[in-house]
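# Working through the structure, step by step
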Amino acid sequence: MNFKPSRTFALEKLDNFIDKNLIDYSKLRNFDYGPENRTNVSGLSPYVSHGIIDEIEIINKSLKKYSFVKNEKFIQEILWRVYWKGWLELRPNVWLDYLNDLKKIKENFKNNQNYLIAIDGKTNIECFNYWVNELKENNYLHNHTRMWFASIWIFTLKLPWQLGAEFLLQHLYDGDAASNTLGWRWVAGIQTKGKNYLASEWNIKKFTNNRFQNIKLNKNAAPILSEKNYSINNKDFANVEILENQSLLVFENNLSFETTDFQDIKFKKILLIDHKNNYRKINLSESVTNFKSSLLEDQKKRLEEKSINCEIININEIKNITENIYAIYPSIGENLDFINLNGLKNIQFLYRKLDQFSWQYCNKGFFNFKNYIPKIIQKFI
Ligand SMILES: Cc1cc2nc3c(=O)[nH]c(=O)nc-3n(C[C@H](O)[C@H](O)[C@H](O)COP(=O)(O)OP(=O)(O)OC[C@H]3O[C@@H](n4cnc5c(N)ncnc54)[C@H](O)[C@@H]3O)c2cc1C
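Residues numbered from 1 in each chain as written. Predicted model: local features only at pLDDT ≥ 70, side-chain atom pairs only at ≥ 80, totals over all residues.

### Looking at the overall build of the protein chain
- A tally of regular secondary structure across the protein chain gives 17 helices and five strands.
- Whereas a compact globule of 381 residues would reach a radius of gyration of roughly 21 Å, the protein chain reaches 21 Å, a difference of no more than 12%.
- Projected onto its principal axes, the C-alpha coordinates of the protein chain cover approximately 65 × 50 × 35 Å.
- Sequence separation of 24 or more characterises 71% of the internal contacts of the protein chain that already satisfy a separation of 6 or more. (Helix = DSSP H or I, 4+ residues; strand = E, 2+ residues; numbered from the N terminus. Rg over C-alpha atoms; globule rule 2.2 N^0.38 Å. Contact = placed C-beta atoms within 7 Å.)

Right, dumping it as structure tokens:
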């Protein structure tokens, strides 16, 4: 699968998918035919997670081709990301606890042979080893494979889910705090308490077209137990009044300013934030940092073509800004952590309208959220 770091490429990929493959999406989406044959899924997540194209843009285009009924499964999948983000926004301690637990576990596991063998792709489970290498080479795994991968990691290799979540974040082009952490919690049986996801030999064989043999997995593992309960944080996602001629920070997950809700506001300067590994708790692989750097350059180029004053700056430089400044809300994750840890109170967040409206429905499970999808569509399309 090819992921060129550009908006032009992402739009071509989207149009091509809608034109040729969307029609069979709900029937074929669960099959992983291998990295050379991925037309049954969109491959858009590296772009959506960086805000190169956004959810409404995608849904809009898909509805121009097919009705809501024909398109429902794809639209639901697109909105999973908004749901996971909203769910985490309402329970920010889930992310902070994850990072704290990870720190301790990493120390305990740094010389653990089972862990080192797993991340080296040298276990005795052929499919798992294949996926480790595929992840490192392509920086992408199919959704079903991420579920099998996490399940094997937790229940057959018996490794802590927090380390697996870190490993994926390090290598995925679409690595994202909400989708990744909550995806792993879901497989472990913590997200939906007591309900874990157990990968099985027949399921892997069927949905990979029998590409793998000798899949000996733990068939009877119990869900991971967690004592922690998180109450909902009733945060207000309202925007402040936006004054013109102030500067705006844009983080790595909103890299298409010219299509955002804020595109018509005259900002003094747009500062595109480069979040280097030395300021991250989870260090990203070189290919992922290169991908992010190229996406930043691509956004800069597009802004310059529109004669918008902009610059790429290192995240550490935002500590030196003393004036009031806006930022498109980066959502829970390492960018927000940087702002909070450094007490940068002069930054005022601007929330996307889609998030402001949708996050009110993220207090319960996705089945509940799904009921509000027609309302979301009606409001934004
Ligand atoms: C353990 C685990 C970890 C994951 N980690 C991440 C992650 O770090 N970043 C990430 O973006 N996704 C993550 N996912 C979700 C999902 O696997 C990917 O978004 C999906 O595989 C992207 O491929 P695609 O674009 O071809 O998907 P498609 O099937 O074509 O879906 C279209 C779009 O819908 C959205 N989407 C689909 N499924 C999901 C989902 N379960 N959660 C959130 N959005 C979804 C994505 O934006 C995707 O681009 C994870 C899932 C699991 C089970």
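### Focus: the packing of helix α5 (residues 68-89) against helix α17 (residues 373-380)
- It is the contact of α5 with α17, at a shortest axis distance of 11 Å, that shows an interaxial angle of 95°. Comparing their axes, α17 and α5 come out roughly perpendicular. For the pair α5 and α17, contact is made by Phe 68, Ile 75, Gln 76 and Leu 79 and by Ile 373, Ile 376 and Ile 377, respectively.
- Of the residues that constitute the contact of α5 with α17, the class distribution is six nonpolar, one polar and no charged. (Axes fitted to C-alpha atoms, helices over the stretch in contact; angles between N-to-C directions. Parallel < 35°, antiparallel > 145°, perpendicular 65-115°, else oblique. Nonpolar A, V, L, I, M, F, W, Y, C, P; charged D, E, K, R; others polar.)

### Points about the environment of Asn 335
- Residue placement: Asn 335 occurs in helix α14 (residues 334-341).
- Taking the C-beta count within 10 Å as the criterion, Asn 335 has 24 such neighbours and is therefore assigned buried.
- In the structure, Asn 335 is positioned 84 residues away from Phe 251 in sequence and 7.3 Å away in space, judged by C-alpha atoms. (Buried ≥ 20, exposed ≤ 12 C-beta atoms within 10 Å, placed from the backbone.)

### Quick word on the domain arrangement of the protein chain
- What the domain assignment lists for the protein chain is domain 1 (7-89 + 359-380), domain 2 (125-207) and domain 3 (248-350).
- Look at where the C-alpha atoms of domain 1 and domain 2 centre, and you get two points 20 Å apart.
- In this complex, domain 1 contributes 13 residues to the contact, which on the side of domain 2 involves twelve residues.
- Contributions of two or more residues to the side of domain 1 that touches domain 2 are made by α3 (45-48) and α5.
- For the side of domain 1 that touches domain 2, the element with the highest residue contribution is α5, accounting for five residues. (Domains from an automatic or database assignment.)

### Comments concerning the site of the ligand
- Taken together, the neighbourhood of the ligand is formed by 28 residues, with Ser 42, Ser 45, Asn 143, Asn 180 and Gly 183 sitting nearest.
- Elements with a contribution of two residues or more to the shell around the ligand: α3, α5, α9 (143-156) and α11 (177-188).
- In terms of residue class, the shell around the ligand is made up of twelve nonpolar, ten polar and six charged.
- Composition of the shell around the ligand by domain shows at least three residues from each of domain 1 (7-89 + 359-380) and domain 2 (125-207). (Near = placed C-beta within 6 Å.)

### Considerations on the environment of Asn 21
- Structurally, Asn 21 can be placed in the loop between α1 (7-20) and α2 (25-28).
- Look at Asn 21 and you get partly exposed, because 16 C-beta atoms sit within 10 Å.
- Spatially, the C-alpha atom of Asn 21 lies 7.8 Å from that of Val 41, the residues being 20 residues apart in sequence.
- Excluding its chain neighbours within four sequence positions, the residues that come into contact with Asn 21 are Thr 39 and Asn 40.

### Looking at unusual backbone geometry
- Of note in the backbone geometry, Asn 245 takes a positive phi value of approximately 65° without being a glycine.
- With respect to the helices and strands, the residue Asn 245 is situated in the loop between α12 (201-207) and β1 (248-250).
- Taking the number of C-beta atoms within 10 Å as the measure of exposure, Asn 245 has 9 and is therefore exposed.

### A short note on the pairing of strand β4 (residues 325-328)
- Pairing geometry for β1 and β4, over two bridges, is parallel. The partner of Leu 249 across the bridge, within β4, is Ala 327.
- The pairing of β4 with strand β5 (residues 347-350) spans four bridges and is classified as parallel. Following the sheet pairing, Ile 325 is matched in β5 by Ile 347. (Pairing = 2+ DSSP bridges.)

### With respect to the pairing of strand β3 (residues 310-314)
- Bridge count between strand β2 (residues 270-274) and β3: five bridges; the pairing is parallel. Across the sheet, the residue bridging to Ile 270 is Cys 310, located in β3.

### As for the nonpolar core
- Leu 88, Phe 149, Ile 154, Leu 249, Val 250, Ile 270 and Ile 273 are the most contacted members of the largest nonpolar core, which has 94 residues in total.
- For this core, the leading source of residues is α5, giving nine residues.
- Excluding residues that lie within four positions of it along the chain, Ile 270 makes contacts with Leu 248, Val 250, Phe 257, Leu 303, Ile 308, Asn 309 and Cys 310. (Core = buried A, V, L, I, M, F, W, Y, C linked by C-beta atoms within 7 Å.)

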